[in-house]
Every structure is written in structure tokens, then in C-alpha cells.
Amino acid sequence: MRTPLRAGAPVGAELREFWGRLAVDYRAAAVSRRRQIPLRLFVVACLSALAVAWPGMRFLVPWLVVYFPVQLGEFYALAQFLKAARPEQRVWLNLLFDFLMAVVFGSLAIPFWLAGTPVTSAGAVLLLSGSILTALMGAEGCVAAFLCAATPHIIYLVATPFVVGAQHDPFLPPLVLGVGLFCLTTSMTFLWSRRTLLAEREARRAAEAQTAAKSAFMAMVSHELRTPINAIVNGAAALEGLSEADRSAAALIGDAGLMMRAQLNDLLDLSKIEAGRMGVEVVDYDLRALISNTVRFWRNTARAKGLRMTLRGVSASPQWVRGDPMRVRQVLNNLISNAIKFTAEGEVTVTVATVLRDNRRFVSIEVYDTGPGLTEAQIARLFSPYEQLSLKTARAFGGTGLGLAISRDLARLMGGDLKAGDGGSRGACFALTLPAPEGAPPPAVDTAEAAALAPPSRGLSVLVVDDHDINRRTLARMLQAFGAEVETAEDALSALAVAEDQAFDAILMDVRMPGMDGLEASRRLREGGANRETPIIAVTGAASPEEIAACREAGMTGWVEKPVKPRDLYAALFGDSGAN
């Protein structure tokens, strides 16, 4: 009794694998056939008009009665297949309706041929040939879809002359020969198109896999590089009691760390854009304040180089708009930084104007400089990643050559654009155009709510979980500055053991750790124990929307991005998502 079960199990598995492969292969054909439905309905509408207008075409009426239910069935089968969680269970129904549709549609050739005139006979041949070509195009390289949709028409094409009694026609042999050549040519065309489509899909899958591997590698590199950068930036900022020379050296270390972080962010942004995973948010923000503060931030840098920094038109621009303030600031910082870098003397001017296009409001921000300007050839390759104007430029000014490419991509993601031009005697000009829909100012802050966000009077007890000792020490220093009592754990298992016996006010959890990661550790903490309700703050180097969503799904209540800034950590601990 047990032997047949063992023998039958592989057969069942092979059948499931067969239907699974067929469902994958058929999906493109299903999408194509669904797109063909409007065309078929148009043809049927024309035939319906013929049935009404021409008495000799009344045979179309019963055909239409049969056709429409089959067409509705095909539409239903396609819709169910394309949205099914397990499409392999529904692909057989689609193939059945493909076959039925071909049987019904091809049956029109018989009454056309029975009419007995050269014109109607030619119409029958054209109808069947056109249907076979439509099946060829709609199959998208799927053999099963092509056979189900084309076989009935081929049978009609070969058998109809004999069915209608034309077997004694002296011109029948050339017709049969022509049909054979047509079928052979169609089959060869299908096989050629199938090879081409399969090669294209394989190349696309390989490219997607390569992009995914690149994104995973960049995320890993981000995690590893942010750890030392975190220590460099925060360690330099925390040095006290130093001489003037030592303070200057500490500031130099801090600036170098910030430069490393900016270049790392550029690489990560480019990786996200190339993978199609970069997103922008839409919130209300103060555009005037954003532009003014950004220009003010760069004034000291420009002054140190002997340049004038001028801002014009900001007071006449919209104040509260909707968009992504972080990305707008990032693009502006890139443009102004480049303008200062490439300008030896003179000034950098930022001009703001409001533009109306198709009843939509846009803001135009132009950054002029008095540098060497740009040639047409330079403008043509200015926004290419990793490009710089020349080897001499790279040696003289440094940089990765990613800033402008990322800035234009971000501008387009936000619904605008970034263009470059030669400002003539004024040097170069970069024009950033962004949509500026009406926004709303924030509501007035409630005094009681503000008091509730203040840090508690007693010191917090915080558990820091991170596999890097440098990160644990850095976070511990920040937390101790807030008056917190800190416990540390070097991995998720150690953290679970500590949290089993001791309740904490907050837990800082590194997301990416070897072995059990922070997401799984958070899920286990939420299952029960002393810290089931404790706020868990994710410490992550890849604060993408997908990463944040995964953190929240695992039970985390907030997040801070590496390198961790004291202000961000303070907000996470004492804000809405932090400890209370």
C-alpha cells in the first residue's frame, strides 16, 4: 500500500512543476490577449453592422449569440489568472478559452466559403490567415498559447474546402500547397520570435538580478562604512578641553567624516535610482525658509573664498508648498556647492521665480556663477554619472561626478527638471524647476503636547544592541549625555537574554546583524516578556521606505539613520515614537 504513494508523489510534484512553468510562460500571452480584446470587439461590431445592413449576412446573428458568451468567459479567465496568487491553478482555463475562441471565430470561414463566390472564398482565407497571425503575435513566445489559438484556424483553413464540397475544384491543389507553405512559414516565424523573446527575457532577468545584487552589496557597504564614519563624526564632536590646535584638528576630522558621509550618500542614492527604488515624499513645507536657510548655510564658504553670495526673488515666491523638502535641499546644496567650487572670483547668485504651466504652479530656482562657463559638448555629458568635465577638472576639484546626475534624477522624480546652460559672461547657469502646489502651515503647537514630549525627570534605562563595538560605544556616549543608564549587547541572542529578566525604557536595535537580525529579535521581543511594550528604535544605515516599513512590521516604533546624530537620537527617544 505504501509503494504506490512513493511512486505517485514524484509524478504529482512533476505535474505541479509543469503547470507552474506553464503559468510563468503564459503570463505575457495573457497580458497580450487581454490587450487584443478591444480590437476583437471592434471587428465583431463591424460584423454586427453587416448583419443588420446586408440581408445576405444574416447568418452572423446566431454566430454572435455564441461568440459573446465565449468572449465574456475569456475575459473572466484572463482577469482571474492575472490576479491569482497561484496562477498555475487557472492557466488550464485560459488555454481552454483560447481554444474555444479560435473555434468560434474560425467557424465564420464556413458560411463565407459556402457563399460560393471568389470574393467570399478569399474573405474566408483572409479571415483565417489573419486570425493565425493574431495568434502568433498574442502568444508572446508561449507554445501552448500559440497551439491553442492557432490550431483550430489551421484545421479550418485545410478542411473547409473539403467540407463545403470544393474537393473537385481544379485549383484546390495550389490552395492546399499555399496553405502548407503559409503554415510552415508561420511556424518558423513563431519559433524565431520565441527564441528572441526568451533571450530578451533572460537578459532582463539577468540585469534585474545584477541590479538586485548591486543594491544588496551597496546596502552592506553602507552598513559597514557608516560604522566608522559614525565614530569619526561623533567622536570629533565630543572632544572637550582641547587646545586651539587640537580643536582645529578635531574640526578637520569631523569635516572629513561629513565629506565621507556625503559621498557615501551619493553612491547609495545613485544605486537606488538605478534600481528604480528611489522615492520622494509629499509633505507641506516652507519653501522660502528652505531656500533662505540653504543660501545662508553656504554664505560663509563663499565669503571664505572671496565670493559674494546673492539671493533674489525669494520673498515673492510661494511660502507653503507641498513636496519633498529633504530632496529639494539636497539638489540646492549640490548646485550651490558646485557653483562655489568652480568660481574663482566674482559671485554666485540664486534667483527664485514663480511660473505657471497648464494651470499648474511651478517654482524656478536658477543658480548663476561667474566661473569659466560651459561649452555645448560639456553640457551634453554634464548629467552622466561618474562624468566630470575633464581629467584636469577631476584633479583640480575632486569629487565623484555623481552630484549633478543625482540632482537631475531627483528633480524629475519630484515632477520637475534640472537644466544647465552657459550664462555667457556670467559663467554657468543651472535652472531647477519644481511643481509648487499649495501647501498648509503647521498647526500651532499645543503647550500640553510640548510638555509631554519633554524628557522624563528620571534617567532612562536603554539597551543598545549592535554587533560593532564602535557603534555600541558611540551610542552609549550619546545616551549617557542624555542622562540615560545604558546596557549593551553584541548580538540579538545576547539582547534577548538580557531583556528576558530586565525591563528597559527603550531599546536601540541595529537592523543588520550576523545570525539573527534586528527584525527577528524585535518580533521575539513582541511575543512576550518584560519588554513586550518597550519602544524599539531601529538603528539602520538604509532608511528607505521599504526598510522602514519592514521595521514597523517587525514591531519597531521608531528609527534613526547611521551615522546617528545626537539630535535625531534625542528626537527618537523623547518624541512621539520614542520612550515616554
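Structural data are supplied above this passage.
Everything numeric here is computed off the predicted structure, so don't read it as measured data.

Peer 1: Sorry, what's going on with the overall build of the protein chain here?
Peer 2: Looking only at helices and strands, the protein chain has 19 helices and 12 strands in total. Each of the 580 residues in the protein chain was classed as buried or not, and the buried ones make up 43%. Long-range pairs, those at least 24 residues apart, make up 70% of the contacts in the protein chain between residues at least 6 apart in sequence.

Peer 1: So what exactly am I meant to see when it comes to the sheet that holds strand β5 (residues 360-369) here?
Peer 2: As a general point, the strands of a sheet are linked pairwise by backbone hydrogen bonds and lie either parallel or antiparallel. The mixed open sheet is built from 5 strands, whose spatial order is β2-β4-β5-β7-β6. A strand with exactly one partner marks an edge of an open sheet, and here the two such strands are β2 (308-312) and β6 (417-422). Direction aside, neighbouring strands of the sheet carry axes that sit 20° apart on average. As paired elements, β2 and strand β4 (residues 347-357) share 5 bridges and run parallel to each other.

Peer 1: Please clarify how helix α6 (residues 143-163) should be interpreted in this entry.
Peer 2: It helps to recall that an α-helix has 3.6 residues per turn; residues three or four apart then point in one direction. The terminal C-alpha atoms of α6, which comprises 21 residues, lie 29 Å apart, in line with the 30 Å expected from a rise of 1.5 Å per residue. Of all the bends found along α6, the most pronounced is centred on A150 and spans about 35°, while P152, a proline, follows it within four residues. For α6, the complete set of buried residues consists of A144, A145, F146, C148, A149, A150, P152, H153, Y156, L157, T160 and P161.

Peer 1: I would appreciate a short explanation of a nonpolar patch on the surface in the present structure.
Peer 2: A cluster of nonpolar side chains, namely L15, F18, W19, W92, L96, F99 and L100, defines an oily patch on the protein surface of about 650 Å² accessible area. Those elements giving two or more residues to the nonpolar patch turn out to be α1 (2-53) and α3 (91-106). Residue contributions to the nonpolar patch peak at 4 residues, all from α3. With respect to the secondary-structure elements, L96 resides in helix α3.

Peer 1: What is the right way to look at the nonpolar core in this model?
Peer 2: Most often, soluble globular proteins have nonpolar side chains that are buried together. In terms of nonpolar packing, the biggest core is built from 40 residues, with I291, M309, L335, I340, F430 and L432 touching the most fellow members. Contributions of two or more residues to this core are made by α9 (287-304), α10 (325-341), β4, β5, α13 (403-413), β6 and β7 (428-435). With 7 residues, α10 is the largest single contributor of residues to this core. Ignoring anything within four residues of it in the chain, the contact list for I340 reads W298, T301, A302, K305, L307, M309 and V348.

Peer 1: Help me out: how do you make sense of the packing of helix α16 (residues 492-501) against helix α17 (residues 518-527) in this one?
Peer 2: Between two packed helices, the angle of one axis relative to the other and the distance separating the axes together describe the packing. Between α16 and α17, the least distance of the axes is 10 Å, while the angle of their chain directions is 20°. As the angle between them shows, α16 and α17 are arranged roughly parallel. The handedness of the crossing between α16 and α17 is right-handed. Residues A492, L496 and A499 of α16 form the contact with α17, whose participating residues are A521, R524 and L525. The residue makeup of the contact of α16 with α17, split by class, is 5 nonpolar, no polar and 1 charged.

What counts, and at which threshold
- Residues numbered from 1 in each chain as written.
- Predicted model: local features only at pLDDT ≥ 70, side-chain atom pairs only at ≥ 80, totals over all residues.
- Heavy atoms only, no water.
- Helix = DSSP H or I, 4+ residues; strand = E, 2+ residues; numbered from the N terminus.
- Buried < 20%, exposed > 50% of the residue type's maximum accessible area, 1.4 Å probe, protein only.
- Contact = heavy atoms within 4.5 Å.
- Pairing = 2+ DSSP bridges.
- Axes fitted to C-alpha atoms, helices over the stretch in contact; angles between N-to-C directions.
- Expected span 1.5 Å × (residues − 1).
- Bend = angle between axes of the 7 residues up to and from the residue.
- Patch = residues over 30% accessible without salt bridge, like charges linked within 9 Å, V, L, I, M, F, W, Y side chains within 5 Å.
- Areas by Shrake-Rupley, 256 points an atom, 1.4 Å probe, with all protein chains shown as cover.
- Salt bridge = Lys/Arg side-chain N within 4 Å of Asp/Glu carboxyl O.
- Core = buried A, V, L, I, M, F, W, Y, C linked by side-chain atoms within 4.5 Å.
- Parallel < 35°, antiparallel > 145°, perpendicular 65-115°, else oblique.
- Left-handed = near helix turned anticlockwise from the far one by under 90°.
- Nonpolar A, V, L, I, M, F, W, Y, C, P; charged D, E, K, R; others polar.

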